[in-house]
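The lines below spell out each chain.
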Amino acid sequence: LTVTGVQTCALPILLHGTDPVADLEVTPANLRLQLEREVRGKLAQLRRGVFLAADRPGDLGRLLLGAAPSIASHLRALLRLAGGPVPGTTPEVARAACSRLAVKPEAFLELWTGRDRPEAFQPSDACTDGIFDLLRRTAAYVDHWEG
C-alpha cells in the first residue's frame, strides 16, 4: 500500500465476520486527549528514571533511548493534531514539530542518532534537558489546543 508516495505496511485482512473497527472514527478531540495522556505519562516515567540513573550516564542513555520511539510517535501525533503535513522520516518529523513548538530539535536529533550505537550513547546535559523541555512544550501545546 502506498500513500502519497510513502511506502507503508499492508492493511490487515478480515478473515471472518464483520469488521469491528470499520465505523471507528478518531476525532481530533480523541487524538488530543490520548496524546496528552501519553506525553504526561512519558514525562512522569522519565522523571522517575532520571532520579535512578542520574549518576550513571550509560543508564541514563538507555532510559532516553528507550523513550525515543514513543517521543517520535508523540511528535507525529502532534503534527496530525495541528493539521499539518507529517514528514516521512523521524528527523524531519522532529524538525517540523520542534518548529511548531518553538524549540530547537538538536536534543531529539542527538537522542535519535544515539540509536546507531546504543551501547556507547551517553546523552549530553543539553540533550537530557532538551528532551524534557520538548515533552513539556508538547504537553502545553496539546493542553491548549483548540481544534
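First things first, this report covers the structure right here in the doc.

The rules behind each value
- Residues numbered from 1 in each chain as written.
- Predicted model: local features only at pLDDT ≥ 70, side-chain atom pairs only at ≥ 80, totals over all residues.
- Heavy atoms only, no water.
- Axes fitted to C-alpha atoms, helices over the stretch in contact; angles between N-to-C directions.
- Helix = DSSP H or I, 4+ residues; strand = E, 2+ residues; numbered from the N terminus.
- Parallel < 35°, antiparallel > 145°, perpendicular 65-115°, else oblique.
- Left-handed = near helix turned anticlockwise from the far one by under 90°.
- Contact = heavy atoms within 4.5 Å.
- Nonpolar A, V, L, I, M, F, W, Y, C, P; charged D, E, K, R; others polar.
- Patch = residues over 30% accessible without salt bridge, like charges linked within 9 Å, V, L, I, M, F, W, Y side chains within 5 Å.
- Areas by Shrake-Rupley, 256 points an atom, 1.4 Å probe, with all protein chains shown as cover.
- Salt bridge = Lys/Arg side-chain N within 4 Å of Asp/Glu carboxyl O.
- Buried < 20%, exposed > 50% of the residue type's maximum accessible area, 1.4 Å probe, protein only.
- Polar contact = N/O pair within 3.5 Å; in protein donor to acceptor, adjacent residues only side chain to side chain.

1. Focus on the packing of helix H2 (residues 57-82) against helix H5 (residues 125-143)
Packed helix pairs are specified by the crossing angle of their axes together with the interaxial distance, meaning the distance between the axes. Interhelical geometry of H2 versus H5 gives an angle of 30° and a closest axis separation of 11 Å. The angle between H2 and H5 places the two elements in the roughly parallel class. In this structure, the crossing between H2 and H5 has a hand that is left-handed. Of the residues in H5, those touching H2 at Leu60, Leu64, Ile71, His74, Leu75, Leu78, Leu81 and Ala82 are Thr128, Ile131, Leu134, Leu135, Thr138, Tyr141 and Val142. Within the contact of H2 with H5, the residues separate by chemical class into twelve nonpolar, three polar and no charged.

2. Quick notes on a nonpolar patch on the surface
Judged by side-chain polarity, Val21, Leu24 and Val26 come together as a nonpolar surface patch covering roughly 320 Å² of accessible area. Checked against the element boundaries, Val26 lands in the loop between strand S2 (6-7) and helix H1 (28-53). Since its relative accessible area comes to 62%, Val26 is described here as exposed.

3. Some remarks on the side chain of Thr90
With respect to the helices and strands, Thr90 occurs in helix H3 (residues 90-101). A distance of 2.9 Å separates the side chain of Thr90 from the side chain of Arg76, its partner in a polar contact. Setting aside chain neighbours within four positions, we find Thr90 in contact with Ala72, Arg76, Phe108 and Trp112.

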